Amino acid sequence: QVQLVESGGGLVQAGGSLRLSCAASGRTFTNYVMGWFRQAPGKEREFVATISWSGSRRYYTDSVKGRFTISRDSTGNTVYLEMSSLKPEDTAVYYCAAGLGSSASSGVTARWDYWGQGTQVTVSS
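Criteria and cut-off values
- The numbering scheme is per chain: residues are counted from 1 as the chain's sequence reads.
- Under the rules for a predicted model, residues below a pLDDT of 70 receive no local features and side-chain atom pairs below 80 are neither given nor counted, while totals for whole chains, interfaces and linings still include all residues.
- Values reported for side chains reflect all heavy atoms of the structure, with hydrogen atoms and water molecules removed beforehand.
- Secondary structure elements are defined from DSSP: runs of H or I of at least 4 residues count as helices, runs of E of at least 2 residues count as strands, and each element is numbered from the N terminus.
- Relative accessibility decides the category of a residue: with a 1.4 Å probe and only protein chains considered, values under 20% of the type maximum give buried, values over 50% give exposed, and everything between is partly exposed.
- We call two residues in contact when some of their heavy atoms are within 4.5 Å.
- Following DSSP output, two strands are said to pair if at least two bridges run between them.
- The angle between two axes is taken between their N-to-C directions and runs from 0 to 180 degrees, where each axis is a line fitted to C-alpha atoms and a helix contributes only its stretch in contact.
- The salt bridge criterion pairs a side-chain nitrogen of Lys or Arg with a carboxyl oxygen of Asp or Glu, the two atoms within 4 Å.

So, the environment of Gly8
Residue placement: Gly8 occurs in the loop between strand E1 (3-7) and strand E2 (10-13). With a relative accessible area of 35%, Gly8 lands in the partly exposed category. When the C-alpha atoms of Gly8 and Leu81 are compared, they prove to be 9.4 Å apart, with 73 residues separating the residues in sequence. Residues within four places of Gly8 in sequence aside, it is in contact with Leu18, Arg19, Leu20 and Thr119.

Some points on unusual backbone geometry
One non-glycine residue, Asn31, lies in positive phi territory at about 70 degrees. In this model, Ser85 sits at a positive phi of 50 degrees, which is unusual for a non-glycine residue. What makes Ser85 partly exposed here is its relative accessible area of 38%.

Overview of the sheet that holds E1
Strand order in the open sheet formed by four strands is E1-E3-E8-E7, and the pairing between neighbours is antiparallel. With one partner strand each, in any of the chains shown, E1 and strand E7 (68-72) form the two edges of the open sheet. Taking the axes of each pair of neighbouring strands and ignoring which way they run, one obtains an average angle of 15 degrees across the sheet. Bridge count for E7 against strand E8 (residues 78-83) is five bridges, and the pairing is antiparallel. Of the residues in E8, the one forming a bridge with Thr69 is Glu82.

Some remarks on the pattern of salt bridges
If you walk through the whole model with that rule in mind, you get six salt bridges. The shortest N-O distance in the salt bridge between Glu82 and Arg19 comes to 2.9 Å. Taken together, the positions of Glu82 in strand E8 and Arg19 in strand E3 (residues 18-25) put the pair 63 residues apart, joining distant regions of the chain. Owing to a relative accessible area of 36%, Glu82 belongs among the partly exposed residues under this scheme. Residue Asp113 pairs with Arg111 through a salt bridge whose shortest N-O separation is 2.6 Å. Judged by its relative accessible area of 27%, Asp113 falls in the partly exposed class. Here Arg111 falls in the exposed class, since its relative accessible area comes to 60%.

Structure representation (structure tokens):
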């Protein structure tokens, strides 16, 4: 059974930092793109960042560029999201997702096959 389990969320003051982790298990994730999404109350889920299986390609939504960093461990099965200079508007439930890419270096996927349950990030002003 495939599982994506997020951890690392919490309450932090504006300007602070958090590190989210996503542990994937239940299958081999070779060629899988891993991504982070978030959903704030009353809003639709939005893309935050993706990383290719090889780690060579990374994409970010404009609002987090320069503040967030996505990375992946050597096995490819654990993905991290380092968040710094956090703002109240970053408050959301953060979700990890996995989708098959066309190659190990592809940072895009046609669809997201697996999702985690989410972890809450709250940034106070």
